Amino acid sequence: MSVIFYVLAALTVAGALAAVLLKNTVHCALALTVAFAGLALLFLQLDAQFAGFAQILVYIGAVAILVVFAILLTRGSETPKDGVYSRNWPVGLVIAACVFAVLGWAVLHSISAFRQGPSAAPVVTVLDIGNALMGRYVLPLEIVALLLTAALIGAVIVAMHEKERPK
Amino acid sequence: MTPLAGYLLVAALLFSIGLAGALTRRNAILVLIGIELMLNAANLNLIAFWRYGPHPEALTGMMFAIFSIAVAAAEAAVGLGLVISIHRHAHTTDLDALNRMKG
């Protein structure tokens with residue numbers, strides 16, 4: 001366990017905590033970007049360069065911007081007077097704490113997580129990923145392409161201005 | 001502690017933070033942010049298992065993470081489109097105030 005891992009993990013968790021705890025929605029979106037960047041750096045630390053840069057491009061470049069646009073379009077940056085948490089927030093907090101307890105217990109008691117794995121970094125080039133995408137994973141790739149097209153059209157149709165119907 | 005256990009614990013923490021955010025916030029956009037955090041925690045698990053698993057050259061975990069990122073992007077676009085549509089219809093994104101299904 002290197003120092004870099006601890007720094008990146010602390011950065012990611014701090015960004016995630018700020019994203020769910022801050023009152024101003026725009027600040028939440030910015031903290032979310034920090035969490036995404038920390039995750040991308042963790043991917044790079046795990047020798048997954050392609051996934052790390054895809055994370056930066058897709059999450060920081062697209063999803064964070066989409067969130068900011070949604071906040072602007074819904075005027076969500078105004079903090080409501082009666083708090084930002086829902087009425088039954090203690091229940092949600094208890095559920096999340098229970099889930100974390102179960103996951104943490106499972107990780108700490110698993111044998112495979114504490115077996116010393118291969119320490120040498122796997123050599124994976126973008127060429128290998130491209131070959132795998134065009135070979136073994138070509139059907140999932142096509143399905144994802146179809147899904148993205150459907151999501152693109154669906155998002156536009158859902159968010160499109162409806163014309164006033166004549167009554 | 002082995003590196004794999006460390007990454008798994010960070011992912012579990014991120015997932016729980018995202019779940020807490022999705023369950024406790026009132027603004028629909030913040031709920032979507034929590035869901036994104038949960039998806040990212042799952043991606044971190046996939047990449048960590050790929051890196052420390054027995055056959056990293058098979059690329060299975062990496063491919064799973066890449067497809068998961070693509071599906072998460074589609075989910076974010078449709079989800080935020082729905083939030084904008086709901087805001088136009090009900091003039092609020094407060095989930096406590098949106099308590100009827102009839103339009």
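Note that this is a predicted model, so its numbers are computed, not measured.

## Describing the overall build of chain B
Within chain B, the regular secondary structure consists of 3 helices and 0 strands. Seen in sequence order, chain B has helices and strands lined up from the N terminus as α-α-α. Relative to its length of 103 residues, chain B is extended, with a C-alpha radius of gyration of 17 Å against a globular reference of 13 Å. Dimensions of chain B, computed from C-alpha atoms along their principal axes, come out at roughly 55 × 25 × 15 Å. Put simply, chain B has 103 residues, and 60% of those count as buried.

## A closer look at the overall build of chain A
Looking only at helices and strands, chain A has 6 helices and 0 strands in total. The secondary structure elements of chain A, listed N-terminal to C-terminal, are α-α-α-α-α-α. When each of the 167 residues of chain A is scored for burial, the buried share is 25%. Pairs at least 24 apart in sequence give 54% of the contacts found in chain A among residues at least 6 apart.

## Some remarks on the interface of chain A and chain B
Residue-level contacts link 66 residues of chain A with 64 residues of chain B. Mapped by element, the contributors of at least two residues to the side of chain A that touches chain B are α1 (3-21), α2 (25-45), α3 (49-73), α4 (89-108), α5 (126-134) and α6 (138-159) of chain A. Top contributing element to the side of chain A that touches chain B by residue count: α3 of chain A, with 11 residues. Residues belonging to the side of chain A that touches chain B are distributed by class as follows: 52 nonpolar, 11 polar and 3 charged.

## Topic: the nonpolar core
One finds L32 and V67 of chain A together with L44, I47 and M62 of chain B to be the most contacted residues of the largest nonpolar core, which totals 74 residues. Every element with two or more residues in this core is listed here: α1, α2, α3 and α6 of chain A together with α1 (3-24), α2 (28-52) and α3 (60-90) of chain B. When residues of this core are assigned to their parent elements, the largest contribution, 16 residues, is made by α2 of chain B. Both of domain 1 (1-78) and domain 2 (122-167) of chain A provide at least three residues apiece to this core.

## Structural notes on unusual backbone geometry
Backbone geometry places L59 of chain B, a non-glycine residue, at a positive phi of 70°. Considering the arrangement of structural elements, one finds L59 of chain B in the loop between α2 and α3.

## Quick word on α2 of chain B
Its 25 residues place the ends of α2 of chain B 37 Å apart at the C-alpha level, agreeing with the 36 Å of an ideal helix rising 1.5 Å per residue. Within α2 of chain B, 22 of the 25 residues are buried, which leaves it mostly tucked inside the rest of the structure.

## Regarding the environment of A41 of chain B
All names here are of chain B. Within the fold, A41 resides in helix α2. Note on A41: 24 C-beta atoms within 10 Å, which makes it buried. Note: C-alpha distance between A41 and G53 (12 residues apart in sequence) is 18 Å. In contact with A41, not counting residues within four places along its chain, are A11, L14, F15 and G18.

## A closer look at the domain arrangement of chain A
The domains assigned to chain A are domain 1 (1-78) and domain 2 (122-167). Each of domain 1 of chain A and domain 2 of chain A has a C-alpha centre, and these two points are 22 Å apart.

## Some remarks on the confidence of the model for chain B
This prediction gives chain B a mean pLDDT of 88; 99% of its residues lie at or above 70. Predicted complex, confidence summary: ipTM 0.91, pTM 0.89.

## So, the packing of α1 of chain A against α1 of chain B
Across the interface, α1 of chain A lies against α1 of chain B with an axial gap of 9 Å and an inter-helix angle of 5°. Here α1 of chain A lies roughly parallel to α1 of chain B, going by the angle between them. Judged by residue contacts, F5, A9, T12, V13, A16, L17, A19 and V20 of chain A of α1 of chain A engage G6, V10, L13, L14, I17, G18, A20 and G21 of chain B from α1 of chain B. Broken down by class, the residue content of the contact of α1 of chain A with α1 of chain B amounts to 12 nonpolar, 4 polar and no charged.

Calculation criteria
Residues numbered from 1 in each chain as written. Chains lettered and ligands numbered in written order. Predicted model: local features only at pLDDT ≥ 70, side-chain atom pairs only at ≥ 80, totals over all residues. Helix = DSSP H or I, 4+ residues; strand = E, 2+ residues; numbered from the N terminus. Rg over C-alpha atoms; globule rule 2.2 N^0.38 Å. Buried ≥ 20, exposed ≤ 12 C-beta atoms within 10 Å, placed from the backbone. Contact = placed C-beta atoms within 7 Å. Nonpolar A, V, L, I, M, F, W, Y, C, P; charged D, E, K, R; others polar. Core = buried A, V, L, I, M, F, W, Y, C linked by C-beta atoms within 7 Å. Domains from an automatic or database assignment. Expected span 1.5 Å × (residues − 1). pLDDT = per-residue confidence, 0-100. Axes fitted to C-alpha atoms, helices over the stretch in contact; angles between N-to-C directions. Parallel < 35°, antiparallel > 145°, perpendicular 65-115°, else oblique.

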